[in-house]
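# Descriptive structure summary
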Amino acid sequence: MRHIISIGDFDRKEIDHLLDHAGQIDKRKYDENALRGKILAVLFFEPSTRTRMSFESAMARLGGTSVSVGSVEACSIAKGETLADTVRVVSGYADAIVIRHPKEGAARLAAEFATVPVINAGDGAGQHPSQTLLDLYTIRESMPIDGIDIALVGDLRYGRTAHSLAFALSLYNARLHTISPKGLELPVNLAAGLKERGMEIIEHDDISEVIDAVDVLYVTRIQRERFPDSASYFNVSSNYRITPELLTRAKKHLIVLHPLPRLDEIDPRVDKSSHARYFEQSGNGVPVRMAMLMQVLQ
Ligand code: CP
């Protein structure tokens, strides 16, 4: 039985193998009955569009079924049942559990009590490993991942997609450029761990300092709720906004990624640019999650 809680649960060879498999699936080379008779329990205690629907879609495309509790309010957690008891019970109804929870560490706790594999679909400010795999898949569609210069932009303190991706990129000898508002920098312990793994991390005050040097711009949402008032948010948010004017200085092959949802950090005019890849990126969630589910359930 294998849980997928952190991107650190994979080594480089396993990631490459999974991405190769997703590539085959993308070419429609898969058995539509591979997971017939298997049931995935979808335990989402936080809002989601992409992760939830792409896991459900992945399961359906492989002939399997998904069951869910609907929402926190609709399940017995609302009556005070613990997460541990919930996953023990759900383990009896399904062959695997995919869980999203607002608390960091919740997926690992669930894995301790579940008797079926658990996949972390985002735990607070912790990790989002399936997002990272589809991010890597999307980069690999445009360029080899090895040795890229990538800028992580936005809320790097709480952004779990940035945490998982930064860790994974340390396996690919990437150089990391970080651009975030004061107080929302990459957590010190994560940055220290990445440096110990040999990763070069360069902090910048403004995207314009680095726009002509990077291969990938990975933009994340700046959460308004982290600022004391709207004025403070609007003061910094324009410094982290990707516009067509900014991209005129970018390398021709630069790609712009965003895990989505976006607010105003990417100007909608960028959508038509040859650099924009964020909608393809969210679509890649299906083949990548199909490959993950086959690995966990077969
Ligand atoms: N990227 C991502 O996790 O999106 P959702 O919150 O919509 O699942």
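Read on for an overview of the structure. The shown structure was predicted, so the numbers you read here are calculated from the model rather than taken from an experiment. (Residues numbered from 1 in each chain as written. Predicted model: local features only at pLDDT ≥ 70, side-chain atom pairs only at ≥ 80, totals over all residues. Heavy atoms only, no water.)

### Thoughts on the environment of Val219
Its location among the elements puts Val219 in strand 8 (residues 216-219). Residue classification places Val219 among the buried positions, given a relative accessible area of 0%. For the pair Val219 and Leu43, spaced 176 residues apart in sequence, the C-alpha separation works out to 27 Å. Not counting the four nearest positions on each side in its chain, Val219 is found in contact with Val153, Ile242, Val256, Leu257, His258, Pro259, Glu265 and Ile266. (Helix = DSSP H or I, 4+ residues; strand = E, 2+ residues; numbered from the N terminus. Buried < 20%, exposed > 50% of the residue type's maximum accessible area, 1.4 Å probe, protein only. Contact = heavy atoms within 4.5 Å.)

### Points about a negative patch on the surface
Side chains of Glu185, Glu203, Asp205 and Glu209 sit close together on the surface and give a patch of like negative charge. With respect to the element layout, Asp205 can be found in the loop between strand 7 (200-204) and strand 8. (Patch = residues over 30% accessible without salt bridge, like charges linked within 9 Å, V, L, I, M, F, W, Y side chains within 5 Å. Areas by Shrake-Rupley, 256 points an atom, 1.4 Å probe, with all protein chains shown as cover. Salt bridge = Lys/Arg side-chain N within 4 Å of Asp/Glu carboxyl O. Lys, Arg positive; Asp, Glu negative; His and termini not counted. Charge placed at Lys NZ, Arg CZ, Asp CG, Glu CD.)

### Looking at the site of the ligand
Near the ligand you find Ser48, Thr49, Arg50, Thr51, Arg100, His128, Gln131, Pro259 and Leu260, and these make up its full shell. Between the ligand and Thr49, the relevant distance is 2.8 Å, taken from an oxygen atom to a main-chain nitrogen or oxygen of the residue. In this structure, Arg50 approaches the ligand through a side-chain N or O atom, which is 3.0 Å from an oxygen atom. Here the ligand has 260 Å² of accessible area as a free molecule, and 91% of this is covered by the chains. (Near = heavy atom within 4 Å. Polar contact = N/O pair within 3.5 Å; in protein donor to acceptor, adjacent residues only side chain to side chain.)

### Digging into the packing of aromatic side chains
Within the structure shown, the criterion is met by 2 aromatic pairs. An angle of 70° between the planes, with centres 5.1 Å apart, marks the rings of Tyr233 and Phe234 as edge-to-face. With relative accessibility at 3%, the residue Tyr233 sits in the buried group. In this structure, Arg2 packs its charged tip against the face of Phe10, placed 4.8 Å from the ring centre. (Phe/Tyr/Trp six-rings, centres within 6.5 Å; stacked < 30°, edge-to-face > 60°. Lys NZ or Arg CZ within 6 Å of the ring centre and 35° of its normal.)

All quantities given are derived from atomic positions and should not be read as evidence of function.
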